[in-house]
Structure formats: structure tokens, C-alpha cells
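Results of the structural survey
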Amino acid sequence: MTPPLLAAYGLGVTIAGNQVCSGLDLAILPGQCWAILGRNGAGKTTLLHTLAGLRGPAAGTIELRGKPLATLARRDIARLRGLLLQDDSDAFPATVLESVLVGRHPHLSRWQWEGAEDVRIAREALAAADMAGTEARDVRTLSGGERRRVALAALLAQQPRLFLLDEPSSHLDLSHQLTLLERLAAAVRLGDKSLIMVVHDVNLAVRYCDHALLLADGEAVAGPAQELFTAERLSAVYRVSLKEVAGPRGNLFAPD
Amino acid sequence: MSRISAVPALLALAVIALVAIALALSAGSVAIDPASVLRALFASGDSTQQAIVRELRLPRAVAAFAAGGCLSLAGALLQVLLRNSLADPYVLGVSGGAAAGALTTMLLGAAAWLVPVGAFGGALASTAIVFGLARGRGPWSPTRLLLTGVVVAAGWGAVVALILSLAPEAQLRGMLFWLIGDLSAPPAAWSTMGALLLALAAALPFAGDLNALARGDTAAAALGVDVLRLPWLLFALAAFLTAAAVTTAGAIGFVGLIVPHAVRLVLGNDQRVLLPAAALAGGTLLLVADILARQIAAPAQLPTGVITALIGVPTFLYLLRREQR
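Residues numbered from 1 in each chain as written. Chains lettered and ligands numbered in written order. Predicted model: local features only at pLDDT ≥ 70, side-chain atom pairs only at ≥ 80, totals over all residues.

**Considering the overall build of chain B**
We count it as follows: Helix and strand assignments follow DSSP, with helices taken as H or I runs no shorter than four residues and strands as E runs no shorter than two, numbered in order from the N terminus. Put simply, the radius of gyration uses C-alpha atoms, and a globule should come to 2.2 Å times the residue count raised to 0.38. Residue burial is a threshold on neighbouring C-beta atoms within 10 Å of the residue's own C-beta, all placed from the backbone, with 20 or more meaning buried, 12 or fewer meaning exposed, and counts in between meaning partly exposed.
From N to C terminus, chain B includes 14 helices and zero strands. Reading the helices (α) and strands (β) of chain B from amino to carboxyl end gives α-α-α-α-α-α-α-α-α-α-α-α-α-α. Taken over C-alpha atoms, the radius of gyration comes to 20 Å for chain B, in line with the 20 Å a tight globule of 325 residues would show. Principal axes of the C-alpha set define a box for chain B whose edges measure 65 × 55 × 35 Å. Relative to its 325 residues, chain B shows a buried fraction of 52%.

**Quick word on the overall build of chain A**
Where we set the bar: We call two residues in contact whenever the C-beta atoms placed from their backbones are within 7 Å.
Of the regular secondary structure elements, chain A holds nine helices and twelve strands. Taking 256 residues into account, the globule formula puts the C-alpha radius of gyration at 18 Å, and chain A, at 18 Å, falls close to it. For chain A, the spread of C-alpha atoms along the three principal axes comes to 50 × 45 × 40 Å. Within chain A, buried positions represent 43% of all 256 residues. In chain A, 66% of the contacts between residues at least 6 apart in sequence involve partners at least 24 apart.

**Looking at the nonpolar core**
Test applied: By convention in this section, buried Ala, Val, Leu, Ile, Met, Phe, Trp, Tyr and Cys residues joined through C-beta atoms within 7 Å make up a nonpolar core. Annotation comment: domain bounds sourced from an automatic or database domain assignment.
Ile36 and Ala153 of chain A together with Cys70, Leu73 and Leu77 of chain B are the most contacted members of the largest nonpolar core, which has 185 residues in total. For this core, the two domains that each supply at least three residues are domain 1 (6-65 + 161-255) and domain 2 (93-160) of chain A. The contacts of Ala153 of chain A, once residues within four sequence positions are left out, are Val100, Ala125, Leu126, Ala128, Ala129 and Met131 of chain A.

**Concerning the confidence of the model for chain B**
Residues and elements named next belong to chain B. Here is the rule we go by: Confidence of the predictor in every single residue is expressed as pLDDT, which spans 0 to 100.
Taken residue by residue, chain B gives an average pLDDT of 86. The fraction at 70 or more is 92%. At the level of individual helices and strands, chain B shows its lowest average pLDDT in helix H14 (residues 304-324), which scores 79, and its highest in helix H9 (residues 207-213), which scores 95. Among the prediction metrics, the complex's ipTM stands at 0.93, with pTM recorded as 0.91.

**Focus on the sheet that holds strand E4 (residues 59-64) of chain A**
All names here are of chain A. Counted only if it meets this: Here, any two strands with at least 2 DSSP bridges between them count as paired. What counts as an axis is a line fitted to C-alpha atoms, over the stretch in contact for a helix, and the angles between N-to-C directions run from 0 to 180 degrees.
Pairing in this open sheet of four strands is antiparallel, and the strands run E2-E1-E4-E5 from one edge to the other. In the strand order of this sheet, the two ends are held by strand E2 (18-28) and strand E5 (67-68), each with one partner. With seven bridges joining them, strand E1 (residues 6-15) and E2 adopt antiparallel strand pairing. When the sheet's bridge partners are listed, Ala7 is paired in E2 with Ala27. Against the sheet, helix H1 (residues 44-51) makes contact with E1, E2 and E4, and its axis sits at roughly 135° relative to E1, the strand it touches most.

**Here's the deal with H1 of chain A**
Along an α-helix, residues three or four apart share an orientation, since each turn contains 3.6 residues. Residue and element names in this part refer to chain A. Taken across its eight residues, H1 has seven buried, putting it largely inside the fold. Of all the residues in H1, the buried ones are Lys44, Thr46, Leu47, Leu48, His49, Thr50 and Leu51. Looking one or two residues past H1, Gly53 carries a phi angle of roughly 85°, positive in sign.

**Points about the interface of chain A and chain B**
The criterion, for reference: Ten residues, namely Ala, Val, Leu, Ile, Met, Phe, Trp, Tyr, Cys and Pro, are considered nonpolar, four, namely Asp, Glu, Lys and Arg, are considered charged, and the remaining ones, Gly among them, are considered polar.
Each side of the interface is counted separately: chain A has 20 residues, and chain B has 23 residues. At the level of elements, helix H2 (74-80) and strand E6 (81-84) of chain A are the ones that each hand at least two residues to the side of chain A that touches chain B. By residue number, the principal contributor to the side of chain A that touches chain B is H2 of chain A, which donates four residues. Taken together, the residues of the side of chain A that touches chain B sort by class into 14 nonpolar, three polar and three charged.

**What about the environment of Leu230 of chain B?**
All names here are of chain B. Of note, Leu230 is situated in helix H11 (residues 230-249). What makes Leu230 partly exposed here is the crowd of 19 C-beta atoms within 10 Å. Residues Leu230 and Leu210, spaced 20 residues apart in sequence, show a C-alpha to C-alpha distance of 8.5 Å. For Leu230, the residues in contact, after removing those within four places along its chain, are Phe206, Asp209, Leu213 and Val225.

**A word on the domain arrangement of chain A**
All names here are of chain A. If you check the domain split of chain A, you get domain 1 (6-65 + 161-255) and domain 2 (93-160). For domain 1 and domain 2, the distance between their C-alpha centroids amounts to 26 Å. Domain 1 puts eleven residues into the contact, and the matching count from domain 2 is ten residues. The set of elements that each furnish at least two residues to the side of domain 1 that touches domain 2 consists of strand E7 (162-166) and helix H6 (174-189). In terms of residue count, the dominant contributor to the side of domain 1 that touches domain 2 is H6 (three residues). The class makeup of the residues in the side of domain 1 that touches domain 2 is five nonpolar, three polar and three charged.

**Observations concerning unusual backbone geometry**
All names here are of chain B. Its identity is not glycine, yet Arg83 carries a phi of approximately 50°, on the positive side. Summarising the element assignment, Arg83 is placed in the loop between helix H3 (47-82) and helix H4 (94-107). Taking the number of C-beta atoms within 10 Å as the measure of exposure, Arg83 has 22 and is therefore buried. Not every positive phi belongs to a glycine, and Phe254 is a case in point at roughly 75°. Mapped onto the elements, Phe254 comes out in the loop between H11 and helix H12 (255-267). Phe254 sits in the buried class, given 25 other C-beta atoms within 10 Å.

In C-alpha cells form, the structure reads like this:
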């Protein structure tokens, strides 16, 4: 059996004195798509950043491909996992291509400049994010959704094994929500990659994720989709009465 | 920017800098043609010309160039640190801290070599205040940046006023001269140049990391940048550079603001190009400002800071207006 790409043992996460989860055991295998669901302020982003190694856990250990995060070099971590942030802000002017090339940073040594191969990867990533042809534009002139797709292209250019996405569908129109998540999920299903996304749209999670992490009241429940994507569970998470209804491609959840 | 287009850009800036240095060595109350300048520099010849070039104009040109490069590089580093293109050692009160630190050492009657140390201490304290307020936050809004700068600078202004009122008569003149920024008698032009080269050498290995840091702390951390330690390096380098510049040329404003901005407009924001380009262009700008300061009202000499402020204030207001849009 292949070892998990990301594993957590007895993970405890707190933010500003509030518990996000405790004693969480997690094993994310290659080929799996996970959704993190929870109400506003439940700690979804905090948990995602902890799994990315950007902040230390309150308890427990996190392992990337069987090695504790604390023993890995920052650069090696950045080659294995990439993070799509909730927001991007551009303090300085930069072209779209430059913004995507920043994703190559962990693959370059200290004195190395981006070469033709890096540019090729960046252009491919832009095409995969439906932003081909915008290479020379200033990122500050892009719309919110276009900026989001450039951020996604930068993540693709980073070529991580594990994609950590914080609300990937935000700012995106419906067609891009579907096509871009479909492309990511398809790449993951091919085998050696995994994906964890924080998402507010339950039905997007149901459509693309085979596993879920539900955050509620300071506890996290992790498990396969068929166990956790039930009207009862999700209604408890969101404190809204949800009903399971038949959709064109499996069941959907709608408020009563 | 690719490396291929970076090289000609930096070479062009270096050539412009050399032209400015040549101009600084030949222009003045006694005009010396370029051929004679070269002879005076590298061969023995006319002893008067040699003395003017080697002992008066060269140290002054080197001091102006080095101080301008220091201020410009400090501005570029602070701008990445605070993620705001309005950051500048003068605007943020770092120069004021250096001046207050230097005057304090003078007031205490410390040895001359301790004055730069005092300036560094003051600059460090000032940067620490700004940096302490910046820790762990997103990009600085112009309002927050300017308010912090105004308050910190006003605080140092009060300290300077206090020192001047306490200072004995005999020291006062020297202190005032120092404050205005006098390049006519630079204390140690070559050591300032050394400080600039040292800081540039310390910053350049991290230029790639700075490109990631310019996207924000979290984004940089996700790309494998050490976002806990790198800001400390920037912070220390900016204080060191400001202290070196202020010790050489007094509190000259706006070089750290105008130059990185102009370079960014022309060459882009790739820090691997921006940092050396800002050092070269900043040196050239202050050198040209100094030549103008010597020439405009000759034989009277204007303080160099007046010229940079005349260019810098409108640039700053223009940038502020654009940021708010």
C-alpha cells in the first residue's frame, strides 16, 4: 500500500484560545480529494494552514510522505505541497506571467533564474487555468475571478503533489468553478496527487470530493464521503436543516 | 524579467553612473576637461588639478553616490518589508532616528568613530518601532504607513530639538551642519561605499526570496521562504544603510522613495534586478542632485537635500494619489 501523502496523528489545533480540533488522526492517500467543511470561524483556514506547515499544531504531529514536517526543509515541503490562499493582494505591479513564475520558486536554487522550461510550465499552467494569452497583462488590472485563476495557475506551476485550496471557487463564475475543479480532480484521480479544499458550497464538495473533514464545535470528524455527506451530519455542521434531493449526477443537498 | 534582459539594463545604469561621476569630477568653479580628469586621477600631472580632483571632488562624488545608493537600497528593502511603494527611510522616520542617535553621541562627547554607531542605534530603534507595528499583518495601507512615519519622525524631531537646546555653544554649529547634510566634507566617503557594497552583497542572495515575500508573508511561506527570519535581515539592513547614508550626507529625503519607484516602472519588480538597479540609480540621482546643488547658485552651495526634496515631494504626492485610486 502506498504511504499517505499527508498524515496527522493526534492533531490538536487552536486559534486565539479556541479549539479547532483535537486528537485528529488523518491519512490522505494519493488519488484522494478531501473537503473541509464548517461554519464561518470554525477554523477551516487555520486547519488548512496547519496542515501546510505554516503554523505549528497545538498538539500532535503532521507527516508529509512519512516524514515529520518539522524535519523537512522549507523548500522540500514547498515542492510537495502547494497552497491556494483565500485572497491575493498585489502590492506591486507585475505581469501575469511573472506572478505565475513565482510558483517556480521552490524549484530554483538561490542563484538560479527561471529558464525556458519554467516559462513553458508557467504557460501550460495559465492555459490550464483558462488564462492563456494574458501573460503580459498587469495583475492589478484583472477582475477578481481572473486574478483567482492566475493564483491557481501559480499553484499549478509549483507542481506540488498535494494541493491545499482555500475556497477555490470564490470569485469564479459557475462554468469556471466546474471546469477548473474538474481538471484538478481529474489530475488527482490519475494517481499520485491529492487535494484538500476548504469549500462553502456543499454540492461542489459532494461532486468532487471522496473524503471530508467536518469541523463543528471544536471537533473534527474525518472520513469517507458516503459516511459524512448525509443530511443529518451536514445539518448538524451548518445548523441548518438540509434535505438530500436527487440531482442529475448523484444526490444534492438543499435547505428545507 | 529574464536574466538576458537584466544584464544590459544594469550595464546601462552603470554607464550612466560613470558618466555622472565624470561630470562631478570635471564640473565646478574650476572646470577641468575629461582628459585632464583622467590624468589627474591616474597619472601625476598638474598638481593643482590633481589636488582638486583627488582630494576635493572625488571624495565628494563617492560620498554622494554611496549615500544615494544606500538610501535607495534601504527604500527598496523597506518597500518589500511593508509591501507598500510609499515606504522610504525618511518618510518612516528612520533617517530621523539615525540623526537623533548621532547627535546624542555628539552631545555625550563620544569619540568621532562612535557617531556612526549612534546613528545606527537610532536607525535601528526607529525601524524596530515601524517593524514591530508591521509584524504579522497584511500589506500596509498608505494611511497606516504615513501616520506611523509622521508620528515617529515627529518624535525624533523633538529629540533633535531637545539635544540642540541642551548642546553647548561650541558644539551647536557642527551639529547643525551635520543635520542639514553636508557633502562638502564627507567624513569617510569610501567606508560609505563599502557599507553599500556590503549591504548589497548581503541582500542579493535573498532577492529571489524577496520576490516571493512581495506577494505577502503567507504566500511566501507557502513557497518555502523563511518568513520569520528574512524580515529581520531586511530590517537590520535598512537600518544599517540609512545610518551609513545619514552619517555621510545628513538626513536627505525621498531618494529611497523616488528611485525604487522609477526603477520598478522601467524594469519591473524583480528584486534580483531591482536591488542592484536601485543602488546604481540612487547613487546617480544623489550625485546629480549634488552637482546641481553646487552649480545652481554658485559660488553659494545649496544643501543637497533641498534638490532631492524638490523632486521627491511632488513624486510622493503623485504616488499617494495613485495609491488611493
